[in-house]
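What follows is the residue order along each chain.
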Amino acid sequence: MRPRRRHGLALLVLLAGCGEAGSPAAPSPTPTPALDLEPLRAAARASGRRVGAAVQAGLLRAGPDYAAVAARHFDHVTAEFEMKWGPIERQPGQRSYEAADEIVAFAEAHGMGVKGHALVWHGDSPAWLEGLSIPELRIALEDHIRTTVGRYRGRVFAWDVVNEAIADGRPGLRDTLFLRRLGPGYVAEAFRLAREADPDVLLVYNDYGGEGLGRKSDDVYDLVRGLVEEGAPIGGVGLQMHLDAAGYPSAADIASNMRRLAALGLLVNVSEMDVRVARLPAEGRLEAQRRVYHDVVAVCLAEPGCHAVTFWGFTDRHSWIDSFFGPDDPLLFDESLRAKPAFFGVRDALEGR
Ligand code: G3I
């Protein structure tokens, strides 16, 4: 946990009142505790959308306030890492679902849905996969997907089946163990295995860097169009939306991308949203962040094909951003679980303002 910064509160108070000229319902002049605010999930329900957040079992266990805020404001959760292959099966055949079960139980106890994340991802797979032959890897993948999807059948509303299979910086599929050993067909195969294990769950392809329009966005589109055309049981696409307020895709491009994906018959969701601000001057960064959150959620509400928004965490106290990009404040609530302008941006967008 990072030491709390004194200037943060002063900055928050200074900027909290800086709504856009004419913007409705500017945030309250002092940071309001999350538990004192009307639930975001109520505004989302009224809008016909889901609103959720990534959580960690250890954080749910450790801090009652963290769990209480998650339960109050979100209608679904996703496991930030506990439902991935790496944490589940550290040794071949020795599966541990305890932490994942904790998250599912928490969700069910609070009337929340669960979005499963992620069955096949090079970014968090067991190390022992490297030593497998091609037939052994195929069997390991089948066993993992069948066992994991089967375990949560009827208890999750969606699965991120394949995560981040498109390459960065060049066209085509990312060079992963799965591609090298199983060929490009591994993507469709993973979807078919998941469908065999659960006939009803929404099966999603999830990626980053293709939220607006451009080469990677086109590659994601081509990949999922190919899956649809070959009859793979894909039902949705997740646009991760890990954005930097210093430069991000235009709302118009995000809308166009959502529209073309929906035209394939796919549901679209904003799957892992956070908005980095550290590269902006301190003064005005929280207002800029509010605007980004507002505008992306507003695009989702304007696009019939967009059915859900999930934030990648919800308090600046815990974000992957700090260790990956450096200290930042990317989420809706500050380190003391008080609402930032970003929260009000999301609320206003969910309420159609
Ligand atoms: O909580 C334990 C801690 O108890 C332990 O001491 C420590 C050292 O082993 O590990 C801690 O768990 C770590 C966890 O993050 C919480 O910090 C895991 O090792 C670490 O693997 C995990 O990293 C996650 C990463 O995916 C890999 O699964 C991040 O939280 C998570 O934010 C990140 O999320 C990904 C999405 O799945 C896909 N899109 C990109 C996104 C960011 O990389």
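Residues numbered from 1 in each chain as written. Predicted model: local features only at pLDDT ≥ 70, side-chain atom pairs only at ≥ 80, totals over all residues. Heavy atoms only, no water.

A. Up close: the packing of aromatic side chains. Counting across every chain of the model gives 13 aromatic pairs. Each member of the aromatic cluster is reached from another via a ring pair, and the members are Tyr66, Phe74, Tyr293, Phe311 and Phe314. Above the face of the Tyr208 ring, Lys216 is positioned so that its terminal group lies 3.6 Å from the ring centre. (Phe/Tyr/Trp six-rings, centres within 6.5 Å; stacked < 30°, edge-to-face > 60°. Lys NZ or Arg CZ within 6 Å of the ring centre and 35° of its normal.)

B. Up close: helix α14 (residues 341-350). Extensive coverage of α14 is indicated by the burial of 10 of its 10 residues. Turning to α14, its buried residues number three or more, namely Pro341, Ala342, Phe343, Phe344, Gly345, Val346, Arg347, Asp348, Ala349 and Leu350. A positive phi of about 75° marks Gly352, the residue just after α14. (Buried < 20%, exposed > 50% of the residue type's maximum accessible area, 1.4 Å probe, protein only. Helix = DSSP H or I, 4+ residues; strand = E, 2+ residues; numbered from the N terminus.)

C. Focus on the pattern of salt bridges. What the rule picks out here adds up to 27 salt bridges. We note a salt bridge from Asp65 to Arg317, for which the minimum N-O separation is 3.3 Å. In this pair, Asp65 is assigned in helix α4 (residues 64-73) and Arg317 in the loop between β9 (306-311) and α13 (320-324), connecting sequence segments 252 residues apart. Judged by its relative accessible area of 15%, Arg317 falls in the buried class. Taking the shortest distance from any N to any O, the salt bridge between Glu230 and Arg192 comes out at 3.6 Å. Placement of the pair is Glu230 in the loop between α10 (215-229) and β6 (236-239) and Arg192 in helix α9 (residues 186-197), with a sequence separation of 38 residues. (Salt bridge = Lys/Arg side-chain N within 4 Å of Asp/Glu carboxyl O.)

D. Just the site of the ligand, in detail. Residues in contact with the ligand amount to 14 residues; listed here are only the nearest, Glu80, Lys84, His117, Asp124 and Glu272. One nitrogen or oxygen atom from the side chain of Glu164 is found 2.8 Å from a nitrogen atom belonging to the ligand. For the ligand, the protein covers 53% of the area, taking 780 Å² as the surface of the free molecule. Residues that form the shell around the ligand fall into these classes: 4 nonpolar, 5 polar and 5 charged. (Near = heavy atom within 4 Å. Polar contact = N/O pair within 3.5 Å; in protein donor to acceptor, adjacent residues only side chain to side chain. Areas by Shrake-Rupley, 256 points an atom, 1.4 Å probe, with all protein chains shown as cover. Nonpolar A, V, L, I, M, F, W, Y, C, P; charged D, E, K, R; others polar.)

E. View of the state of the cysteines. The full count for this structure, using the stated rule, is 1 disulfide. Here Cys300 pairs with Cys306 through a disulfide, and the sulfurs are 2.0 Å apart. Taking the sign of the S-S torsion, -95° for the link of Cys300 and Cys306, the bridge is left-handed. For the pair formed by Cys300 and Cys306, the shared burial category is buried. (Disulfide = S-S within 2.5 Å.)

F. Here's a closer look at the nonpolar core. Grouped together as the largest cluster of nonpolar side chains are 108 residues, with contacts concentrated most on Trp159, Val162, Tyr205, Met273, Phe314 and Phe333. The dominant element in this core, judged by the number of residues it contributes, is α9, at 8 residues. For Phe314, the contacting residues outside a window of four places in its chain are Ala53, Ala54, Val55, Tyr66, Val69, Ala70, Phe74, Leu331, Leu332, Phe333 and Leu337. (Core = buried A, V, L, I, M, F, W, Y, C linked by side-chain atoms within 4.5 Å. Contact = heavy atoms within 4.5 Å.)

G. A look at the pairing of strand β8 (residues 267-276). Counted residue by residue, β8 has 9 buried out of 10 residues, so it is predominantly covered. Where strand β7 (residues 242-244) and β8 come together, 3 bridges link them in parallel fashion. Note on β8: the bridge partner recorded for Asp244 is Arg276. The pairing of β8 with β9 spans 4 bridges and is parallel. Along β9, the bridge assignment pairs Val268 with Cys306. Taking the sense of rotation as the criterion, the β-α-β connection linking β8, helix α12 (residues 285-302) and β9 turns out right-handed. (Pairing = 2+ DSSP bridges. Right-handed = clockwise from strand over helix to strand, strands pointing away.)

H. The packing of α10 against helix α11 (residues 251-262), seen in detail. One way to put it is that α10 packs onto α11 with a least axis distance of 11 Å and a crossing angle of 10°. Classified by the interaxial angle, the pair formed by α10 and α11 is roughly parallel. When α10 is examined against α11, the residues Ser217, Asp218, Tyr221 and Val224 are found in contact with a partner set consisting of Asn257, Arg260 and Leu261. Within the contact of α10 with α11, the residues separate by chemical class into 3 nonpolar, 2 polar and 2 charged. (Axes fitted to C-alpha atoms, helices over the stretch in contact; angles between N-to-C directions. Parallel < 35°, antiparallel > 145°, perpendicular 65-115°, else oblique.)

I. Summary view of the confidence of the model for the protein. Of the residues in the protein, 92% reach a pLDDT of 70 or more, and the chain-wide mean stands at 93. Note on residues 1-23: pLDDT is under 50 here. Beyond four places in sequence and across chains, it has 40 contacts. (pLDDT = per-residue confidence, 0-100.)

J. Spatial organisation of the environment of Phe106. Mapping Phe106 onto the fold places it in helix α6 (residues 98-109). For the pair Phe106 and Ala71, spaced 35 residues apart in the sequence, the C-alpha separation amounts to 8.6 Å. Not counting the four nearest positions on each side in its chain, Phe106 is found in contact with Leu60, Ala67, Ala70, Ala71, Val77 and Met112.

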